[in-house]
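# What the coordinates show
Single-letter residue listing:
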Amino acid sequence: AQKITQTQPGMFVQEKEAVTLDCTYDTSDQSYGLFWYKQPSSGEMIFLIYQGSYDEQNATEGRYSLNFQKARKSANLVISASQLGDSAMYFCAMREGTGNTPLVFGKGTRLSVIA
Amino acid sequence: GAVVSQHPSRVICKSGTSVKIECRSLDFQATTMFWYRQFPKQSLMLMATSNEGSKATYEQGVEKDKFLINHASLTLSTLTVTSAHPEDSSFYICSAREGTFSYNSPLHFGNGTRLTVT
């Protein structure tokens, strides 16, 4: 079974509008972390936002917020006031446990912002 | 912030030759580094976990004799693709985390190496 599922291969959003990118996860660990990364066409991986399994509040970082619904095992990324520079691939990833373990990535969502 | 430097960013080599990719943590020590591979329009897949001073741990299906990993210091890990073939053409990207057991620490990624084998 996939640990991270991103069901939207591609999304379009009008500039200045908000957009939600979906992510569901599967783990039996009680301690885990959820991360979102942005990958522009240049290939670099840019860390956007983090949500811990024990965090009661949804994470926010500037225009990025994470809609964390633990019971539903979902961690959707919300980008407000979209900008043309937001056009990129977006990956949801999970770290299980509390050790120095790797991230497992979803298949990604390609976001295109339209002027 | 934490910086991971990867070199080269792009390499073209002939089939049968070997290619070495370097990954350095510039402003922090990394006892562990992770190597990922990304085929076009696909996700990042973990290849191996590189541990300073010990053998790397490879994911299932990754040939350890083909993808040699050396983590000789706390700031440098290298991936050598030996006897490269066209099917090894891919985007290779390394990553590391500041702090060993801080579970909220993100992985910091190098800028990746685009390998093309002709």
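Model, not experiment: these values are computed from the prediction.

Turning our eyes to something else, we now look at the overall build of chain B. Within chain B, the regular secondary structure consists of zero helices and eleven strands. Starting at the N terminus and walking to the C terminus, you meet the elements of chain B as β-β-β-β-β-β-β-β-β-β-β. The C-alpha atoms of chain B give 14 Å as radius of gyration, which agrees with the globular expectation for 118 residues (13 Å, within 12%). Overall, chain B is about 40 × 30 × 25 Å in size when its C-alpha atoms are taken along their principal axes.

Further remarks concern the pattern of salt bridges. All names here are of chain A. Under the definition given, this model contains four salt bridges over all chains. Residues Glu 96 and Lys 3 are paired through a salt bridge, measuring 3.3 Å at the closest nitrogen-oxygen approach. In this pair, Glu 96 sits in strand β10 (residues 88–96) while Lys 3 sits in the segment before β1 (4–5), placing the two residues 93 residues apart along the sequence. Two residues, Asp 86 and Arg 63, come together in a salt bridge whose shortest N-O distance is 2.8 Å. Of this pair, Asp 86 sits in the loop between β9 (74–79) and β10 while Arg 63 sits in the loop between β7 (60–61) and β8 (64–69), and the two are 23 residues apart along the sequence.

The subject of this paragraph is the interface of chain A and chain B. With 21 residues of chain A in contact, the opposing surface of chain B contributes 21 residues. At the boundary of chain A with chain B, total buried surface from both sides reaches about 1,900 Å², with 56% on carbon and sulfur atoms. Between the two partners, chain A and chain B, sit zero salt bridges. Counting across the chain A and chain B interface gives six residue pairs in polar contact (both at pLDDT 80 or more).

The subject of this paragraph is the state of the cysteines. All chains considered together, the criterion is met by two disulfides over all chains. There is a disulfide in this structure between Cys23(A) and Cys92(A), and the S-S distance comes to 2.0 Å. Judged by the sign of its S-S torsion, about -65°, the bond between Cys23(A) and Cys92(A) is left-handed. Of the two residues, Cys23(A) sits in the loop between β3 (19–21) and β4 (24–25) while Cys92(A) sits in strand β10, which places them 69 residues apart along the sequence. Both residues of the pair, Cys23(A) and Cys92(A), count as buried. Between Cys23(B) and Cys94(B) runs a disulfide, and the two sulfur atoms are separated by 2.0 Å. Across the disulfide from Cys23(B) to Cys94(B), rotation about the S-S bond amounts to roughly 85°, and the bridge is consequently right-handed. Of the two residues, Cys23(B) sits in strand β3 (residues 19–25) while Cys94(B) sits in strand β9 (residues 90–96), which places them 71 residues apart along the sequence.

Before going further, it helps to spend a moment on the packing of aromatic side chains. Applying the stated criterion to the full structure yields twelve aromatic pairs over all chains. Arranged with centres 6.0 Å apart and planes meeting at 65°, the rings of Phe105(A) and Phe109(B) form a pair that is edge-to-face. With Phe105(A) in strand β11 (residues 104–105) and Phe109(B) in strand β10 (residues 108–109), this residue pair bridges two chains. Through a chain of ring-to-ring contacts, the aromatic side chains of Phe35(A), Tyr37(A), Phe47(A), Tyr50(A), Phe91(A), Phe105(A), Tyr36(B) and Phe109(B) assemble into a single cluster.

Conventions used here
- Residues numbered from 1 in each chain as written.
- Chains lettered and ligands numbered in written order.
- Predicted model: local features only at pLDDT ≥ 70, side-chain atom pairs only at ≥ 80, totals over all residues.
- Heavy atoms only, no water.
- Helix = DSSP H or I, 4+ residues; strand = E, 2+ residues; numbered from the N terminus.
- Rg over C-alpha atoms; globule rule 2.2 N^0.38 Å.
- Salt bridge = Lys/Arg side-chain N within 4 Å of Asp/Glu carboxyl O.
- Contact = heavy atoms within 4.5 Å.
- Buried area = accessible area lost by both parts, 1.4 Å probe.
- Polar contact = N/O pair within 3.5 Å; in protein donor to acceptor, adjacent residues only side chain to side chain.
- Disulfide = S-S within 2.5 Å.
- Buried < 20%, exposed > 50% of the residue type's maximum accessible area, 1.4 Å probe, protein only.
- Phe/Tyr/Trp six-rings, centres within 6.5 Å; stacked < 30°, edge-to-face > 60°.

Just distances and angles here, no functional claims.
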